[in-house]
Amino acid sequence: MDIEFDQPIFVISVAAELADMHPQTLRQYDRLGIVSPSRAPGKSRRYSQRDVNMLREVQRLSQEGVSLEGIKRILQLENQVAGLQRRVTELTEELGRRRQPLDSRIFAAGAAGDVVTLSRGQRPRARSQAVVVWRPHGTTGTSK
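## Let's talk about the overall build of the protein chain
Along the backbone of the protein chain there are four helices and six strands. Start at the N end of the protein chain and walk to the C end: the helices and strands fall as α-α-β-β-α-α-β-β-β-β. Look at the contacts in the protein chain between residues 6 or more apart in sequence, and 39% of them connect residues 24 or more apart. Here the protein chain has roughly 11,100 Å² of accessible surface; of this, 51% comes from carbon and sulfur atoms.

## Considering unusual backbone geometry
Even without being glycine, Asp-20 reaches a positive phi, approximately 60 degrees. Within the secondary structure, Asp-20 is located in the loop between helix H1 (12-18) and helix H2 (23-32). When its relative accessible area of 62% is taken as the criterion, Asp-20 is described as exposed. The phi dihedral of Lys-43 falls on the positive side, at around 70 degrees, and the residue is not glycine. Relative to the elements of secondary structure, Lys-43 occurs in the loop between strand E1 (38-39) and strand E2 (45-46). Residue Lys-43 is classed as exposed on the basis of its relative accessible area, which comes to 64%.

## Some points on the pattern of salt bridges
Taken as a whole and assessed by the stated rule, the structure comprises six salt bridges. Residue Asp-6 pairs with Arg-50 through a salt bridge whose shortest N-O separation is 2.3 Å. With Asp-6 in the segment before H1 and Arg-50 in helix H3 (residues 49-63), the pair connects residues that are 44 residues apart, well separated along the chain. Classification of Arg-50 by relative accessible area gives partly exposed; the value is 40%. Between Arg-39 and Asp-30 there is a salt bridge whose closest N-O contact spans 2.9 Å. Residue classification places Arg-39 among the partly exposed positions, given a relative accessible area of 45%. Three or more residues joined by partner-sharing salt bridges are found here, namely Asp-30, Arg-39 and Arg-45.

## Some points on the confidence of the model for the protein chain
Residues at a pLDDT of 70 or more form 78% of the protein chain, whose mean pLDDT is 82. Taking the mean pLDDT of every element in the protein chain, the minimum, 43, falls on strand E5 (residues 131-134) and the maximum, 95, on H3.

## Focus on the side chain of Asp-30
Summarising the element assignment, Asp-30 is placed in helix H2. On the basis of relative accessible area, Asp-30 is assigned to the buried category, the value being 12%. Side chain to side chain, Asp-30 and Arg-45 meet in a polar contact 2.7 Å long.

## A short note on the environment of Ile-9
Structurally, Ile-9 is set in the segment before H1. Look at Ile-9 and you get partly exposed, because its relative accessible area is 34%. A C-alpha to C-alpha distance of 9.3 Å links Ile-9 and Arg-45, two positions 36 residues apart in sequence. The contacts of Ile-9, once residues within four sequence positions are left out, are Ile-3, Arg-46 and Tyr-47.

Cut-offs used in this document
- Residues numbered from 1 in each chain as written.
- Predicted model: local features only at pLDDT ≥ 70, side-chain atom pairs only at ≥ 80, totals over all residues.
- Heavy atoms only, no water.
- Helix = DSSP H or I, 4+ residues; strand = E, 2+ residues; numbered from the N terminus.
- Contact = heavy atoms within 4.5 Å.
- Areas by Shrake-Rupley, 256 points an atom, 1.4 Å probe, with all protein chains shown as cover.
- Buried < 20%, exposed > 50% of the residue type's maximum accessible area, 1.4 Å probe, protein only.
- Salt bridge = Lys/Arg side-chain N within 4 Å of Asp/Glu carboxyl O.
- pLDDT = per-residue confidence, 0-100.
- Polar contact = N/O pair within 3.5 Å; in protein donor to acceptor, adjacent residues only side chain to side chain.

Here it is in structure tokens:
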């Protein structure tokens, strides 16, 4: 029988034993938002294997001298990085499913300053060849 990594199955006493902590420490971490387990219908805490692993990581960081606020921030950043990595994976897969990959298209500035799509080897249409020239006496003129 396989147990899902995120399945909330451990009561607080079992999770505390698995993480080698006191149950009151787990309650404090929950109150502080460091490790927040799922709740069973009777409002009792249920910890997953992921939660137990996170408790072990919190304990390791704490033993290295990181404050609880620092640990909370580290865990938030790790969650953010994991979310961004999942998003990069999704976008990479989406790019792979496209018929025409983006690298076969070229983007350039159009004559009006807008963005135009070009085929490889194609150049944007040239703007008017008129060039504004500065004159020493403060007058300007155009040359062609």
